[in-house]
Amino acid sequence: MSTIEATLHSNEQKAKQYVKNVYHATEQRNPHETEFLQAVKEIVDSLVPVLARQPQYMESGILERLLEPEKVISFRVPWVDDQGKVQVNRGYRVQFNSALGPYKGGLRFHPSVNESIIKFLGFEQIFKNSLTGQPIGGGKGGSDFDPKDKTDMEIMRFCQSFMTELYEHIGPDTDVPAGDVGVNAREIGYLFGQYKKLRGTFEAGVLTGKGLEYGGSLARTEATGYGLVYFVQEMLKDNGLEFNGSTVIVSGSGNVSIYAMEKAAEFGAKVVACSDSDGCIYDENGIDLDTVKELKEAGNERISAYTESHPNAKYLDDCSSIWSIPCDIALPCATQNEIDEETAKALIANEVKAVGEGANMPSTNEAIDVFRNNDVLFAPAKAANAGGVAVSALEMAQNSSKLMWSFEDVDARLQDIMKDIYQNSMQAATDYGTPGNLVAGANIAGFIKVADAMIAQGVI
Ligand code: NDP
C-alpha cells in the first residue's frame, strides 16, 4: 500500500468511526424519535467518503452541529369548534439550519404529526433546499390537528390561532413556511391573513403557496409533481428508458400525486393506479385524472367514489395493495415509509424498472437497499421532489421584486432546476466513488454546500 493509499484508508476508518459515534450520540439524545433517526442514518452513512477526503469537516464538528436544530419551537394551539367547545392541539416549528438562507419548509396538519416527524422533515429539507441552488435554509412545522371532517370556519379558527403563536418567529428574511400534507391554498390564505393582521403590514414573502391574487406563483401547485416527473425523466433517459409507453402507478391522490400523474400522462405514460389512505383504484385503461381532480381537489371525497363513474375500474380496500399492481415505474407520492422491504421485493417481482419518490421518505432504508441491489433505478425524495420548494423560492424572488412571471417561465426554470439537481447528484456520486447512486450523490451534493457555508460562518 502506498503512503497516499494508507492515509486514505486511515481517514476512511476515522470517518466511519466518527459517523458511528455521532449517530450513537444522536440516538441517545433523541431516543424515541424513530423517523428522525431513520432520516439521519440514511444521510450520515453516505457521507463517509466525503469526511474521509475532507477531514476538516470532522475537525469542525460539522455533523454534531448539523444534527442539532438551531431552534425547536413548540406551542399550544387552542381553538373553538362549531359546537362552542374548546379544542387544543400542539403546534411546532423546527428551524433546523439557516446557513444558506432563511429557514424554508412546509407546514403539515395531520393527526400523526409529532416532534420526530417534524424533525425528520426539517432535517431532509436542509439538503433538499441546498440541492435546488436557491438561497434557502431548512425548516418544517405543523400540528397534530386533523383538517379532515372539519368545517371551513373551524379550519379558519385553527389557522388563526396557530399563526397567533407562530408569527413572532417567522418573516420574509427569517423563516418562510409553505404548505404540506393538510395545508393547501385555503389554509395558507387563512394563515397569511392572520399574519398580516398581527404585523400590520403586507409582507408577501412570509409564506409561499399563496393564492395568485395576493402574491402566489403560477406553477407552484404543479411544481412538486411536475418536478418529480422531470427528474425521473432525466434518470430514465440516461438509462435508455422513457415515460412514453410505460405503465405507471402513483400512490396518494393529493397535490403531489395529481400533478405527477398529469405530467407522466403528458409524457405518454399510462397511469393505471392511485390511492388514498383508505384504498386504491386500478384502472387498466388509464386513470381519468379529471375525475380524480373532481373528487380530491374540488371535493372532499374518498378515492373509492371513482368506481361510481368508472365501473370497469377496480377498488382495492387497502392502500398498500397498490404496490401489488404490475408497473414499469412506481411513484410513491403519499407519505413516509409506505414502501418497506417486502413491498420493494413485490415491486421487483413485477419487474419494476424505476422508482421515483414524490413523498418525503416513502421508502424505508431497507427498501432502498433492495432496489439498489436489484438494479432498479432509484430517485430519492430529497432530489426528486425538490421542485416544490424550488418554485417556492421562485415565489419569494417574485415577491421581493414585486413581479409575476408567466406559467411558462416558471415551468422552464423548474425544468432547468430539476436537470441541474440530477446532474449535480450524479456528478457527486461519481466524484465520491459510487457512480449512479443518486441516494449518496444527492446527500453529498446537498451536504457539501451547507457544510462549507457553516464553516465559513464560524462556530455559530
Ligand atoms: P396531500 O395532503 O395533498 O395528499 C396526500 C395524499 O396521500 C392524500 O391523497 C392522502 O389520502 C394520501 N395518503 C396518506 N396516507 C396514505 C397512505 N398510507 N397510503 C395511500 N395514500 C395515503 O399531500 P401532498 O400531496 O402535498 O404531500 C404528499 C407527500 O409529498 C408528503 O410526504 C409531503 O411531505 C411530500 N411533499 C409535498 C410537497 C408539496 O409541494 N405539496 C413538496 C415536497 C414533498 P387521504 O385523502 O385519505 O388523506
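Residues numbered from 1 in each chain as written. Predicted model: local features only at pLDDT ≥ 70, side-chain atom pairs only at ≥ 80, totals over all residues. Heavy atoms only, no water.

Asker: If you had to explain the site of the ligand to someone new, which residues and values would you point to?
Answerer: If you check the shell around the ligand, you find 25 residues, and the closest are Asp180, Thr224, Ser277, Arg302 and Asn360. One nitrogen or oxygen atom from the side chain of aspartate 180 is found 2.7 Å from an oxygen atom belonging to the ligand. One nitrogen or oxygen atom from the side chain of serine 277 is found 2.5 Å from an oxygen atom belonging to the ligand. When the ligand sits alone it has 900 Å² of accessible area, and the protein chains cover 85% of it. Elements represented by at least two residues in the shell around the ligand include exactly helix H9 (220-238) and helix H10 (255-266). (Near = heavy atom within 4 Å. Polar contact = N/O pair within 3.5 Å; in protein donor to acceptor, adjacent residues only side chain to side chain. Areas by Shrake-Rupley, 256 points an atom, 1.4 Å probe, with all protein chains shown as cover. Helix = DSSP H or I, 4+ residues; strand = E, 2+ residues; numbered from the N terminus.)

Asker: Quick one: what's the story with the environment of serine 363, residue by residue and with numbers?
Answerer: Here serine 363 is to be found in the loop between strand E11 (354-356) and helix H14 (365-373). Serine 363 gets classed as buried once you look at its relative accessible area, which sits at 1%. Remark: the alpha-carbon pair of serine 363 and alanine 349, spanning 14 residues in sequence, is separated by 17 Å. Apart from the residues within four sequence positions on either side, serine 363 is in contact with Gln38, Asn337, Ile339, Glu357, Ile368, Phe371 and Phe378. Of the polar contacts made by the side chain of serine 363, one reaches the side chain of glutamate 357; its length is 2.6 Å. (Buried < 20%, exposed > 50% of the residue type's maximum accessible area, 1.4 Å probe, protein only. Contact = heavy atoms within 4.5 Å.)

Asker: Pulling in residues and values, what's your account of the packing of aromatic side chains?
Answerer: According to the stated counting rule, one finds 21 aromatic pairs in the structure shown. An angle of 85 degrees between the planes, with centres 5.9 Å apart, marks the rings of phenylalanine 36 and phenylalanine 123 as edge-to-face. Residue phenylalanine 36 is located in helix H2 (residues 34-46), and its partner phenylalanine 123 is located in helix H6 (residues 115-131); the two are separated by 87 residues in the primary sequence. There is no split in this pair, since phenylalanine 36 and phenylalanine 123 are both buried. Aromatic pair phenylalanine 109 and phenylalanine 145: ring centres 6.1 Å apart, planes at 90 degrees, arrangement edge-to-face. Pair noted here: phenylalanine 109 is in strand E3 (residues 103-109) and phenylalanine 145 is in the loop between strand E4 (138-143) and helix H7 (152-166), with a separation of 36 residues, a long-range link. (Phe/Tyr/Trp six-rings, centres within 6.5 Å; stacked < 30°, edge-to-face > 60°.)

Asker: Tell me about a nonpolar patch on the surface, residues and numbers included.
Answerer: A contiguous nonpolar patch, built from Val80, Val86 and Val88 and spanning about 250 Å² of accessible area, is present on the exposed surface. Mapped onto the fold, valine 86 is located in strand E2 (residues 86-97). Taking the relative accessible area as the measure of exposure, valine 86 reaches 56% and is therefore exposed. (Patch = residues over 30% accessible without salt bridge, like charges linked within 9 Å, V, L, I, M, F, W, Y side chains within 5 Å. Salt bridge = Lys/Arg side-chain N within 4 Å of Asp/Glu carboxyl O.)

Asker: For the pairing of E2, give the residues involved together with the corresponding values.
Answerer: One ladder, built from 10 bridges, connects strand E1 (residues 71-80) with E2; its direction is antiparallel. Within E2, the position partnered with valine 77 by the bridge is asparagine 89. Where E1 hands over to E2, the hairpin turn is made up of five residues, of which glycine 84 adopts a positive phi near 85 degrees. Bridge count for E2 against E4 is six bridges, and the pairing is antiparallel. Of the residues in E4, the one forming a bridge with asparagine 97 is glycine 138. (Pairing = 2+ DSSP bridges.)

Asker: Got a sec to walk through unusual backbone geometry? Specific residues and values, please.
Answerer: Its identity is not glycine, yet aspartate 149 carries a phi of approximately 65 degrees, on the positive side. Relative to the helices and strands, aspartate 149 resides in the loop between E4 and H7. With a phi angle near 55 degrees, lysine 402 is a residue other than glycine that sits in the positive phi range. For lysine 402, the location among the structural elements is in the loop between helix H16 (387-401) and helix H17 (407-431).

Asker: With reference to specific residues and values, describe the nonpolar core.
Answerer: If you look at the biggest cluster of nonpolar residues, it comprises 54 residues, and the most contacted ones within it are Phe231, Phe243, Val292 and Leu331. Core analysis: the next-biggest nonpolar cluster, separate from the first, contains 45 residues, Ala15, Val22, Val94 and Phe123 among them. (Core = buried A, V, L, I, M, F, W, Y, C linked by side-chain atoms within 4.5 Å.)

Asker: Give a detailed account of the sheet that holds strand E9 (residues 314-316), specifying residues and quantitative values.
Answerer: With respect to topology, seven strands assemble into an open sheet ordered E9-E8-E7-E6-E10-E11-E12, the strand pairing being mixed. Single-partner strands in this sheet number two, and they are E9 and strand E12 (377-379). If you compare each strand with its neighbour and ignore which way they point, the axes differ by 20 degrees on average. Bridge count between strand E7 (residues 270-275) and strand E8 (residues 280-282): three bridges; the pairing is antiparallel. Following the sheet pairing, cysteine 274 is matched in E8 by isoleucine 281. Along the sheet, H9 contacts strand E10 (329-331), E11 and E12; its crossing angle with E12, the most-contacted strand, is approximately 150 degrees. (Axes fitted to C-alpha atoms, helices over the stretch in contact; angles between N-to-C directions.)

Asker: Residues and numbers for the sheet that holds E3, please.
Answerer: Across the sheet, which stays open at both edges, the five strands sit in the order E1-E2-E4-E3-E5 with mixed pairing between neighbours. A single partner strand is all that each edge strand has here, and the edge strands are E1 and strand E5 (175-178). Strand-to-strand twist in this sheet, taken as the mean axis angle between neighbours without regard to direction, amounts to 20 degrees. In this structure, E3 lies alongside E4, joined through three bridges in parallel fashion. Bridge pairing links arginine 108 to glycine 142 in E4. Docked against the sheet, H7 engages E1, E2, E3, E4 and E5, running at close to 145 degrees with respect to E1.

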